[in-house]
Amino acid sequence: MGEIRISKLPSDYKPGELVFRSQEFVVPVPFGWTRDARAIFALMTRKDETSVIATISAVDGAFRVVKRLERGRPGGLSVSPEGRFIAYDPPV
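Conventions adopted
Residues numbered from 1 in each chain as written. Predicted model: local features only at pLDDT ≥ 70, side-chain atom pairs only at ≥ 80, totals over all residues. Heavy atoms only, no water. Helix = DSSP H or I, 4+ residues; strand = E, 2+ residues; numbered from the N terminus. Contact = heavy atoms within 4.5 Å. Areas by Shrake-Rupley, 256 points an atom, 1.4 Å probe, with all protein chains shown as cover. Core = buried A, V, L, I, M, F, W, Y, C linked by side-chain atoms within 4.5 Å. Buried < 20%, exposed > 50% of the residue type's maximum accessible area, 1.4 Å probe, protein only. Salt bridge = Lys/Arg side-chain N within 4 Å of Asp/Glu carboxyl O.

### With respect to the overall build of the protein
Moving on, step 1. Along its length, the protein carries zero helices and eight strands.
Moving on, step 2. For the protein, the sequential pattern of α-helices and β-strands runs β-β-β-β-β-β-β-β.
Moving on, step 3. Long-range contacts, defined as pairs at least 24 residues apart, comprise 27% of the intrachain contacts of the protein with a sequence gap of at least 6.
Moving on, step 4. Of the accessible surface of the protein, which amounts to about 5,900 Å², a share of 50% is contributed by carbon and sulfur atoms.

Shown next, in the form of structure tokens:
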């Protein structure tokens, strides 16, 4: 089971607050925040090793797929400063 928790956060969140839990995604890897700090960008990998890049609301845990990846996990992920673009290194 994969989980994402907030540990260092803006003043309106509690430390260690559970934001997301899933039986489907076993390896959640958060890699950035939206500019307004209301959502987290994360690489989510399933048991079958397929992955998606998603946003997860830090307010209510709402999950939205941004990009489905054909296979494997990218080597690196980065969000642009304004939060409009995601750069990733696809597996070979």
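That covers the picture; the talk isn't over yet.
### So, unusual backbone geometry
Moving on, step 1. In the Ramachandran plot, Ala-37 falls in the positive-phi region, its phi being about 60° despite a non-glycine side chain.
Moving on, step 2. Mapped onto the secondary structure, Ala-37 falls in the loop between strand 3 (25–33) and strand 4 (39–46).

### Focus on the nonpolar core
Moving on, step 1. Ranked by size, the top nonpolar core spans 10 residues in total: Ile-4, Val-19, Phe-20, Phe-25, Ile-40, Ala-42, Met-44, Val-52, Ala-54 and Ile-56.
Moving on, step 2. Only strand 2 (17–22), strand 4 and strand 5 (51–57) provide two or more residues apiece to this core.
Moving on, step 3. Ignoring any residue separated from it by four or fewer positions in sequence, one finds Ala-54 in contact with Ile-40, Phe-41, Ala-42, Met-44, Phe-63, Arg-64, Val-65 and Val-66.
Moving on, step 4. Membership of the second largest hydrophobic core comes to seven residues, among which are Phe-31, Phe-41, Leu-43 and Leu-77.

### Observations concerning the pattern of salt bridges
Moving on, step 1. Inspection of every chain in the model, using the stated rule, returns two salt bridges.
Moving on, step 2. Between Arg-21 and Glu-3 there is a salt bridge, with the nearest N and O atoms lying 2.5 Å from each other. Placement of the pair is Arg-21 in strand 2 and Glu-3 in strand 1 (residues 2–6), with a sequence separation of 18 residues.
Moving on, step 3. When the shortest N-O distance is used, the salt bridge between Arg-46 and Glu-24 registers 2.7 Å. Taken together, the positions of Arg-46 in strand 4 and Glu-24 in the loop between strand 2 and strand 3 put the pair 22 residues apart, joining distant regions of the chain.
Moving on, step 4. When its relative accessible area of 43% is taken as the criterion, Glu-24 is described as partly exposed.

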